[in-house]
Amino acid sequence: MSCTLCPSFVLCGILKTVKKQKTFVFVCSSCGREEPKWLGRCPECGEWNTLTETAVSGRGSPGGGSGTGAKGLPRSFPLSSVDPIEGSRVSSGIAELDRVLGGGIMKRSAILIGGEPGIGKSTLLLQAAAAAKTKGRVLYVSGEESAGQVRMRADRLGIMSGSGGDRIEIFCSGDLEEIQTIIDAVKPVLIMVDSAQTLFSAEAGLSPGTVNQLKYCSWELITWVKEHDAALFLVAHVTKDGVIAGPKSLEHMVDTVLYFEGSTAGAGDGDCRFLRAAKNRFGSVDEIGIFTMGEKGLSIVEDPSLLFLVRREGALPAGVATAAVLEGSRTLLVEIQALTVPAKGAMSRVFSDRIDSARVSRVAATIEKHLGLRLSDQDLYINVAGGIRITEVGVELALACAIYSARTGLPLPAKTAIAGELSLAGEVRSVRRLPGRVKTAKNLGFSAFLGPVPEAAAGAAAEKEEGYAPAGEIKSAIKAIFS
Ligand code: TYD
Ligand code: MG
């Protein structure tokens, strides 16, 4: 057997050495799937001719998860001998960001911030870069904007007048090798990469912008922060439908995934922005951060309880109900708006992007069955004032009241807050932290509250509140509120 790397055409071992250092796999440039051999068509995404041969260097576990013993052999160690990393958090200087992260930025962690273009990801990161309560320097890597553009934004945000501006180092390139050189020189405590999609490396195949490039470059940076006392923020653009192969493929690599959402275009919706955690290794995923985008960037909303109500004098229009819902540790009062019109097609449809359409359909079916109100020939439009997405189950009774009101043309009484879950059998089920909801509504000037029949001792406190109307099922709830 001859060796192609050796001029003597004898097996010399060079090839063996090369193979040992690098493994070659075939990676789909469209979805990132790895295959041990070349295929004409990717079995994952079905694209043709997208598999290219790529070298993968040996990937260790970041963060010192494994150790090396004598003679370089891997070894494990007792869990009790490992120092916990809990406690090493630093504040980002932005209370709402800290809240979503679970109490601040965890050192040695990687945080992905996804969102549509123009939602405010770069703004948030630049503000955090200046405000973070860390000693040491912050490296802001911008692959999308020039240094001049970032400086202009920083001036607009009022960062340069404070001390924050001095410790931000800016580097405008997506070249991973260059970024690594800068990181080794600057030794930052925080690295902001805007955005992950602009990263590229010669090591990760020839075509930039592929999923493999994205994964390889992000992994290298994640590994660096895990081995040093730093944290990494990676920006990732997400399109309207939110399912892009790129950022999704990063989700399992990072510790925290935050999504920045809101209504960039929406009459009357204001400029609210919501930061939600989709994954958090160091905290809950319940909390949301609420911001408003203004002249001087993002500001936090001190008291968001009333942000999602439309100020009105006198009676409410038909189709509007106020729900008292929980978002993490906060109670919010939100206006639910419903509209029913005769179906335009053979099948009726639900248009609802703030409350899950499946939930709306289920509540509509429950109303139809238990109140005998025909909805199946109607198109149903649901909106939430302020553009906030509501995922909490306690919104269902208010949603039912709004739909009922829209269909019948009967308005709900003003200053009435509603909370409750609806079962398919038409019962109003109890919800978490009912007394807290009733109290918040009362403090905000709501004189009446429609909710479930309190069953536990905790719930009994709510019923004692003046103006509390308990309802066991949807029928009695509708009767109580519309009579
Ligand atoms: P940006 O942070 O660039 O969004 P992303 O990085 O997610 O693409 O924010 C862009 C939008 O924010 C843009 O439409 C302008 C607006 N904006 C303000 O309204 N006020 C400000 O102070 C700044 C910096 C931006
Ligand atoms: Mg940006």
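Above this text sits the structure in question.
A brief structural summary. (Residues numbered from 1 in each chain as written. Chains lettered and ligands numbered in written order. Predicted model: local features only at pLDDT ≥ 70, side-chain atom pairs only at ≥ 80, totals over all residues. Heavy atoms only, no water.)

## Structural notes on the side chain of T366
Put simply, the rule reads: Helix numbering and strand numbering both begin at the N terminus, where a helix is a DSSP run of H or I of at least 4 residues and a strand a DSSP run of E of at least 2. When a residue's accessible area, from a 1.4 Å probe over protein chains only, is under 20% of the maximum for its type it is buried; when over 50% it is exposed; and in between it is partly exposed. Any pair of N or O atoms that falls within 3.5 Å is considered a polar contact. Within protein, one atom must be able to donate a hydrogen and the other to accept it, and sequence-neighbouring residues count only if both atoms are side-chain atoms. Note on definitions: a residue-residue contact is assigned when non-hydrogen atoms from the two residues lie within 4.5 Å.
Residue position: T366 is located in helix α9 (residues 357–371). T366 gets classed as buried once you look at its relative accessible area, which sits at 5%. Within the local environment of T366, its side chain forms a polar contact with the backbone oxygen of R362, the two atoms lying 2.7 Å apart. Setting aside chain neighbours within four positions, we find T366 in contact with L371, S423, L424 and G426.

## Description of the environment of I336
Looking at the element boundaries, I336 is found in strand β18 (residues 330–342). Apart from residues lying up to four places away in sequence, I336 is in contact with G319, V320, A321, A323, I355, I382, N383, V384, V395, A398, L399 and A402.

## Looking at the nonpolar core
Condition: The set of buried Ala, Val, Leu, Ile, Met, Phe, Trp, Tyr and Cys residues whose side-chain atoms join them within 4.5 Å is what this entry labels a nonpolar core. Domain start and stop positions are those given by an automatic or database domain assignment.
Core analysis: the largest hydrophobic core is formed by 48 residues, its most contacted members being V334, I336, I355, I382, I388, I403 and I418. Among the secondary structure elements, those contributing two or more residues to this core are β14 (272–280), β15 (288–294), β17 (320–327), β18, α9, β20 (378–384), α10 (396–408) and α13 (474–482). Sort the elements by how many residues they give to this core and α10 lands first, with nine residues. Counting the residues that make up this core, at least three belong to each of domain 2 (87–302) and domain 3 (320–482). Aside from chain neighbours lying at most four places away, what touches I403 is A338, V360, V363, I367, L375, L380 and I382. Counting residues in hydrophobic clusters, the runner-up holds 34 residues, among them I111, Y140, I168 and F260.

## Overview of the sheet that holds β14
Operational definition: Strand pairing is assigned whenever DSSP identifies at least 2 bridges connecting the two strands. Here the axes come from fitting lines to C-alpha atoms, over the contacting stretch only for helices, and the angles between their N-to-C directions go from 0 to 180 degrees.
Within the open sheet, the nine strands sit side by side as β10-β9-β11-β12-β8-β13-β14-β15-β16. Their pairing is mixed. What marks the edges here is a single partner per strand, and that holds for β10 (168–171) and β16 (297–300). Here the strands of the sheet are splayed against their neighbours by 25° on average, with no regard to which way each runs. Pairing geometry for β15 and β16, over four bridges, is antiparallel. When the sheet's bridge partners are listed, M293 is paired in β16 with L298.

## Here we look at the pairing of β17
Among the eight residues that make up β17, eight are buried, leaving the element largely enclosed by the rest of the structure. Burial of the side chains of β17 extends over both faces: V320, T322, A324 and L326 are buried on one face and A321, A323, V325 and E327 on the other. Inspection of the sheet shows β17 paired to β18 by eight bridges, in the antiparallel sense. By the bridge assignment, A323 is partnered in β18 with V334. Here β17 folds back onto β18 in antiparallel fashion, the turn holding two residues, of which G328 has a positive phi close to 65°. Relative to strand β21 (residues 416–418), β17 runs parallel, the two being bridged by two bridges.

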